[in-house]
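Notes for the structure review
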Amino acid sequence: MKLYNTMTRTKEEFVPLKDKVVNMYVCGPTVYNYIHIGNARAFIVFDTVRRYLEYKGYTVNYVQNFTDIDDKIINRAKEENTTEKAIAERFIEEYFKDADALGIKRATVHPKATDHIADIIEFIKILIDKGYAYVVDGNVYFETAKFKDYGKLSKKNIEELMAGARVEIDEKKKNPLDFALWKAQKPGEPAWDSPWGKGRPGWHIECSVMSTKYLGKTLDIHAGGPDLIFPHHENEIAQSEAAYDQPFSKYWMHIGYLNVNNEKMSKSKGNFFTVRELTEKYDPEVLRLFMLMAHYRSPINFSLELLDQAKSAYERLTNTVVNLKYLTNITIDRELTDEEKKLIAKFDEYKKQFEEAMDDDFNTADAISVLFEMAKTANANLSGNSSKKLVEYILEMFLKLSDVLGLSYKSAKLEIEDEEILKLIEERQKARKEKNWKLADEIRDKLKEKGIILEDTPEGVRWRRIK
């Protein structure tokens, strides 16, 4: 299995530090609002990475944090005349609703920054004692000039970073690139006691503290969005490796940028979408499928038209599952014919192709293409005359590989109405083979009355409901 390591800018063979165990940290949301589709892409992609690693037999210790104290949270609490804790707890709950709908598995641990203040203070003490951090008026800053490898992830030298970095102008810093480990309390802001006075942690420190606490001083995989490469992940590396004198993470994974209608997503442009508003109109698995239809490192363009295309694609996969479930109910348990054995061999080859795609830097786009080939072959070759063993084998494989991608086809429950529809489709297929066009047309019209549209293709009959 190979993955692209942002640190080395190359695809590398994936070899975890401990055999068959993967320690993986994914930067989670700042909980002041509903998650947007940019957040969703990262969380869906890395959930899929985790699922495939588990499919391959690895135990994955998966940690995803919640930033529950931050300027945005403080500002929202002021706007709503409530506490920062109330805002954070509310949007953590809302995050889980969205994540569950999207099929994103719960992390092994979901640590919160405010639950780890004591750990953060101890970590900062180590950096001060080792000469990497300094105190000014109750603030503690990391001195980037002291860390000789600063910039190694973003591949920029210090001069470039000084010129181009979007850093806060703070006269207290020795260097504009120095970053806050601890922020002195401002009037009206929440604060905790520390050796440097009341204050709160900076953003970068929480991830270093929580990842090393739950996963050890060197991680296997650290992952996040492309906007986190600098400064967030660069700063995590600096403070973690300065504290512990060992590599912070063996592999770094980052997704590509997401645009909306070929522009950067922003509220001011009116092209900002939350997961919540989209999943009120679309099956959440449609959004998940859309996010996985491009390679995770590729830039992706989002539009409602493209989402509608993903919806049609998802319906094709769902209809295949419904059809296979129906066939398991009506087929006979008998021995496989030679032709059916060849078909099983063909599906075994599909499984191999799926795994090869995922082994090549988690290429979900190619893996999804394999699913559609499986659906096409199943729809063209299976019928009520097939062996139950064959149908069950193909259905089980299709669902297992779909589950790697987080697709469960919850809507593909076989209702009595579905059974009637599939039975009519099969009767029509039989009438067409017998060239009984009158009966075939009558059945098509009957199905149309039930809201079912048929599409005759070289790969078999596709059907969909009229919404």
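The structure reproduced in this document is the subject of the present report. (Residues numbered from 1 in each chain as written. Predicted model: local features only at pLDDT ≥ 70, side-chain atom pairs only at ≥ 80, totals over all residues. Heavy atoms only, no water.)

**Describing the nonpolar core**
Counting 106 residues, the largest nonpolar core has Phe46, Leu53, Ile221, Phe302 and Phe362 as the members making the most contacts within it. If we skip the residues at most four places from it in the chain, Phe302 touches Ile37, Leu258, Asn259, Val260, Asn261, Phe273, Leu278, Leu287, Phe290 and Leu307. Met7, Ile69, Trp182 and Phe230 belong to the second largest nonpolar core, which has 41 residues in total. (Core = buried A, V, L, I, M, F, W, Y, C linked by side-chain atoms within 4.5 Å. Buried < 20%, exposed > 50% of the residue type's maximum accessible area, 1.4 Å probe, protein only. Contact = heavy atoms within 4.5 Å.)

**Looking at the environment of Tyr244**
Topologically, Tyr244 is positioned in helix α7 (residues 229–244). According to the relative accessible area criterion, Tyr244 is partly exposed, its value standing at 22%. Excluding residues within four positions of it along the chain, Tyr244 makes contact with Phe123, Ile126, Lys130, Thr212 and Lys217. (Helix = DSSP H or I, 4+ residues; strand = E, 2+ residues; numbered from the N terminus.)

**What to know about the environment of Lys433**
Locating Lys433 in the fold gives a position in helix α14 (residues 416–433). Residues Lys433 and Gly256 lie 177 residues apart in sequence; the distance between their C-alpha atoms is 49 Å.

**Topic: the pairing of strand β4 (residues 59–64)**
Of the pairings in the sheet, the one linking strand β3 (residues 21–26) to β4 comprises six bridges and is parallel in character. The residue of β4 that forms the bridge with Val26 is Gln64. What joins β3 to β4 is helix α1 (residues 37–55), and the crossover it makes is right-handed. (Pairing = 2+ DSSP bridges. Right-handed = clockwise from strand over helix to strand, strands pointing away.)

**Focus: the side chain of Asn235**
Its place among the elements puts Asn235 in helix α7. In this view, Asn235 contacts Tyr150, Phe179 and His204; residues no more than four positions away in its chain are not counted.

**A short note on the pattern of salt bridges**
The full count for this structure, using the stated rule, is 35 salt bridges. For Asp245, the salt bridge identified is with Lys130, shortest N-O distance 2.7 Å. Of this pair, Asp245 sits in the loop between α7 and β10 (249–254) while Lys130 is found in the loop between α4 (117–129) and β5 (133–136), placing the two residues 115 residues apart along the sequence. Residue classification places Asp245 among the exposed residues on the basis of a relative accessible area of 58%. Put simply, Glu241 and Lys152 hold a salt bridge, and the shortest N to O gap is 2.7 Å. Taken together, the residues Glu241 in helix α7 and Lys152 in the loop between β6 (139–142) and α5 (158–164) connect sequence positions 89 residues apart. Salt bridges sharing common partners tie together Asp47, Arg51, Arg288 and Asp403. (Salt bridge = Lys/Arg side-chain N within 4 Å of Asp/Glu carboxyl O.)

**A word on the layout of surface pockets**
Remark: the empty space left among the atoms is shown by a probe the size of a water molecule rolled over them. Of the volumes computed, that of the second largest pocket is approximately 740 Å³. Lining of the second largest pocket is provided by 31 residues; of these, Asn379, Leu382, Ile425, Gln429 and Val461 occupy positions nearest its centre. Here the lining of the second largest pocket takes seven residues from α14, the largest share from any one element. Its residues assigned to classes, the lining of the second largest pocket comprises 11 nonpolar, 10 polar and 10 charged. (1 Å grid on protein atoms, 1.4 Å probe; cavity = no way out; pocket = protein on both sides within 12 Å on 5 of 7 lines; lining within 4 Å. Points joined across faces, edges and corners; volume = space filled by probe spheres on them. Nonpolar A, V, L, I, M, F, W, Y, C, P; charged D, E, K, R; others polar.)

**Things to note about the packing of α1 against helix α13 (residues 388–404)**
Relative orientation of the contacting elements α1 and α13 amounts to 130°, with a least axis distance of 8 Å. Judged by the angle between their axes, α1 and α13 are oblique. Packed against α1, whose contacting residues are Thr48, Arg51, Tyr52 and Tyr55, the element α13 presents Lys400, Leu401, Asp403 and Val404 at the interface. A breakdown of the residues in the contact of α1 with α13 according to their chemical character gives four nonpolar, one polar and three charged. (Axes fitted to C-alpha atoms, helices over the stretch in contact; angles between N-to-C directions. Parallel < 35°, antiparallel > 145°, perpendicular 65-115°, else oblique.)

**With respect to empty space enclosed by the protein**
Summed over all chains, the structure comprises one cavity of 30 Å³ or more. Reported here for the largest cavity is a volume of approximately 40 Å³. Forming the walls of the largest cavity are Val45, Thr48, Val49, Leu292, Ala294, His295, Tyr296, Phe362 and Thr364. Ranked by residue count, the leading element in the lining of the largest cavity is α1, at three residues. Its residues assigned to classes, the lining of the largest cavity shows six nonpolar, three polar and no charged.

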